[in-house]
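Here is what each chain is made of, one letter per residue.
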Amino acid sequence: AEFGKQWYQRRVRGPDGGYFMLVDTSPMGWDFTQENTGRCYDVDCVKWLTREFKLATIPISVFYGDKNRHLAAEYIRVCCAKSDATIDRACQIIRSLKRA
C-alpha cells in the first residue's frame, strides 16, 4: 500500500490481496510516439522506466488480444512483493518522475 501512495496524484488500483497493483499512467502525459515503435503505450512506458530508471514494471496490454489491447494501454503492473530496500528505492524513483 505504501508503494502505491508514492504515485503522487496517480490513479492506483490496489488489490484486496496479492502482490501486484495496477497504476494508471495517463495523468503523467508521457509521449512515446517519437520512438515510433508501433507498440502499445504501456509497453513503451515500461521499457522506458526500465532503461532510464532501472524500475521494472509490467505492461498490461500484453495480457489482452489485439481487439481489446487498447483497454489496458495506459496501465502498468507493479509488483509489491519486494524487500523494504527495493520498495524504498522504487519510491525515490517515483517521486522523481515528472509530468510531461
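One structure accompanies this document, and this report is about it. Throughout, a residue's number is its position along its own chain's written sequence, starting from 1. Under the rules for a predicted model, residues below a pLDDT of 70 receive no local features and side-chain atom pairs below 80 are neither given nor counted, while totals for whole chains, interfaces and linings still include all residues. Where side-chain values are given, they derive from all heavy atoms of the structure, hydrogens and water being excluded.

### So, the side chain of Ser-61
As for its placement among the helices and strands, Ser-61 is situated in the loop between β3 (58–59) and β4 (75–79). Taking relative accessible area as the criterion, Ser-61 reaches 1% and is therefore assigned buried. What makes two residues a contact is simply this: any of their non-hydrogen atoms within 4.5 Å. When residues no more than four places from it in sequence are discounted, the contact partners of Ser-61 are Cys-40, Asp-42, Val-43, Arg-69, Ala-72 and Ala-73. Secondary structure is summarised from DSSP: a helix means a run of H or I of at least four residues, a strand means a run of E of at least two, and numbering begins at the N terminus for each. Classification of residues uses two cut-offs on accessible area relative to the type maximum, computed with a 1.4 Å probe and protein chains only: under 20% is buried, over 50% is exposed, and between them is partly exposed.

### Quick word on the packing of aromatic side chains
Geometrically, a pair of aromatic rings is defined through the distance of the ring centres and the angle of the planes. When two rings of Phe, Tyr or Trp (its six-membered ring) have centres within 6.5 Å they constitute a pair, described as stacked for plane angles under 30 degrees, edge-to-face for angles over 60, and tilted for the intermediate range. Per the stated rule, a full pass over the model turns up four aromatic pairs. Seen in terms of ring centroids, Phe-32 and Trp-48 are 5.6 Å apart; in terms of plane orientation they differ by 55 degrees. Their pairing is tilted. Here Phe-32, found in the loop between β2 (20–24) and α2 (41–53), pairs with Trp-48, found in helix α2; they are 16 residues apart in sequence, far enough to count as distant. By relative accessible area, Phe-32 is classed as buried at 6%. Note on Trp-48: relative accessible area 18%, which makes it buried. Members of the aromatic cluster, connected to one another through ring pairs, are Trp-30, Phe-32, Tyr-41, Trp-48 and Phe-53. The ring of Phe-20 carries the charged tip of Arg-77 above its face, separated from the ring centre by 3.6 Å. Two limits define a charge over a ring: the Lys NZ or Arg CZ must be within 6 Å of the ring centre, and within 35 degrees of the ring normal.

### Section: the pattern of salt bridges
Side-chain pairs of opposite charge can arise where the charged atoms are in close proximity. Salt bridges are identified by distance alone: a Lys or Arg side-chain nitrogen within 4 Å of an Asp or Glu carboxyl oxygen. This structure, assessed with the given rule, holds four salt bridges. Here Arg-39 and Asp-44 are joined by a salt bridge, their closest N and O atoms 2.7 Å apart. Residue Arg-39 is classed as partly exposed on the basis of its relative accessible area, which comes to 36%. With a relative accessible area of 4%, Asp-44 lands in the buried category.

### A few points about the nonpolar core
In these notes, a set of buried Ala, Val, Leu, Ile, Met, Phe, Trp, Tyr and Cys residues joined through side-chain atoms within 4.5 Å is what counts as a nonpolar core. If you look at the biggest cluster of nonpolar residues, it comprises 16 residues, and the most contacted ones within it are Trp-30, Cys-45 and Leu-49. Broken down by secondary-structure element, the contributors of at least two residues to this core are α2, β4 and α3 (84–96). At five residues, the largest contribution of residues to this core is made by α2. Aside from chain neighbours lying at most four places away, what touches Leu-49 is Lys-54, Leu-55, Thr-57, Ile-76 and Leu-97.

### Digging into the pairing of β4
Sheet analysis places β2 next to β4, joined by five bridges and oriented antiparallel. Paired with Met-21 across the strands is Val-78, a residue of β4. By this definition, two strands are paired if DSSP reports at least two bridges between them.

Bear in mind that shape data such as this cannot, by itself, settle questions of function.
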